[in-house]
Amino acid sequence: VQLQASGGGLVQAGGSLRLSCAASGTIFSSNVMGWYRQAPGKQREFVARIITAGGGSTTYADSVKGRFTISIDNAKKTVYLQMNSLTPEDTAVYFCNGDLNGRPYWGRGTLVTVSS
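Small disclaimer: the values here were computed from a predicted structure and weren't measured.

**Things to note about the overall build of the protein**
Alright, step 1. A tally of helices and strands in the protein yields zero helices and eleven strands.
Alright, step 2. If you list the helices and strands of the protein from N to C, you get β-β-β-β-β-β-β-β-β-β-β.
Alright, step 3. The globule rule puts the C-alpha radius of gyration for 116 residues at 13 Å, and the 13 Å found for the protein is close to it.
Alright, step 4. In terms of overall dimensions, the protein has C-alpha extents of about 45 × 25 × 25 Å along its principal axes.
Alright, step 5. Within the span of the protein, comprising 116 residues, buried residues form 40% of the whole.
Alright, step 6. When the 11 positive and 6 negative side-chain charges of the protein are each reduced to one mean point, those points stand 6 Å apart.

**With respect to the sheet that holds strand β1 (residues 2-6)**
Each strand in a sheet pairs with another by means of backbone hydrogen bonds, the pair being arranged parallel or else antiparallel.
Alright, step 1. Taking strand neighbours across the sheet as the criterion, the four strands line up as β1-β3-β8-β7 in an open arrangement whose pairing is antiparallel. Each end of this open sheet is capped by a strand with a single partner; those strands are β1 and β7 (68-73). Across the sheet, the mean angle separating the axes of adjacent strands is 15° when strand polarity is ignored.
Alright, step 2. In this sheet, strand β8 (residues 78-83) lies alongside β7 in antiparallel orientation, the contact comprising six bridges. Opposite Ile72, over in β8, you have Val79 as the bridge partner.

**Quick notes on the packing of aromatic side chains**
Alright, step 1. Enumeration according to the criterion identifies two aromatic pairs in this entry.
Alright, step 2. Summarising the aromatic geometry, the rings of Tyr36 and Phe46 are spaced 5.7 Å apart at their centres and angled 75° between planes, so their arrangement reads as edge-to-face. Remark: Phe46 occurs in strand β5 (residues 45-51) and Tyr36 occurs in strand β4 (residues 30-38); sequence separation between them is ten residues.
Alright, step 3. Take Phe46: its relative accessible area is 22%, and that puts it in the partly exposed class.
Alright, step 4. Ring plane angle 65° and centroid distance 5.1 Å describe the contact between Tyr36 and Trp106, whose orientation is recorded as edge-to-face. Highlighted residues: Tyr36 in strand β4 and Trp106 in strand β10 (residues 103-106), separated in sequence by 70 residues.
Alright, step 5. A relative accessible area of 41% places Trp106 in the partly exposed class.
Alright, step 6. Site record: aromatic cluster; members linked through ring pairs are Tyr36, Phe46 and Trp106.
Alright, step 7. The positively charged end of Arg44 is found above the aromatic ring belonging to Phe95, 3.7 Å away from the centroid.
Alright, step 8. A cation sits over an aromatic face here: Arg44 above Trp106, 4.7 Å from the ring centre.

**Points about the pairing of strand β3 (residues 17-24)**
Alright, step 1. Examined bridge by bridge, β1 and β3 share five bridges and lie antiparallel to one another. Residue pairing for β3: Gln4 is matched across the bridge by Ala22.
Alright, step 2. Inspection of the sheet shows β3 paired to β8 by six bridges, in the antiparallel sense. Bridge pairing in β8 links Leu19 to Leu81.

Cut-offs applied
Residues numbered from 1 in each chain as written. Predicted model: local features only at pLDDT ≥ 70, side-chain atom pairs only at ≥ 80, totals over all residues. Heavy atoms only, no water. Helix = DSSP H or I, 4+ residues; strand = E, 2+ residues; numbered from the N terminus. Rg over C-alpha atoms; globule rule 2.2 N^0.38 Å. Buried < 20%, exposed > 50% of the residue type's maximum accessible area, 1.4 Å probe, protein only. Lys, Arg positive; Asp, Glu negative; His and termini not counted. Charge placed at Lys NZ, Arg CZ, Asp CG, Glu CD. Pairing = 2+ DSSP bridges. Axes fitted to C-alpha atoms, helices over the stretch in contact; angles between N-to-C directions. Phe/Tyr/Trp six-rings, centres within 6.5 Å; stacked < 30°, edge-to-face > 60°. Lys NZ or Arg CZ within 6 Å of the ring centre and 35° of its normal.

Here it is as structure tokens:
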């Protein structure tokens, strides 16, 4: 199983980006998918997650509530993170994470840079 994140880039403050995380390989169980980020000089932090085992409930970090939306396309095995009203404080490498086949997987990060 591999997770491939994409969609990062440079955007001005107030702008939007949509990140994608595509899962490949044989997946016979999935519980949760999520996004984390790591800003320069800081520890990796939780951003958002979605329960994939049923219900599709979502959880967000306080810092992104109301601005970011996590969603999933099960047919494409892809999780999205729609990011609106971006601020320079959102600048970070964004990583997708999945609890798949009974163990956690991490994708390579995608860099998001928000200019002021």
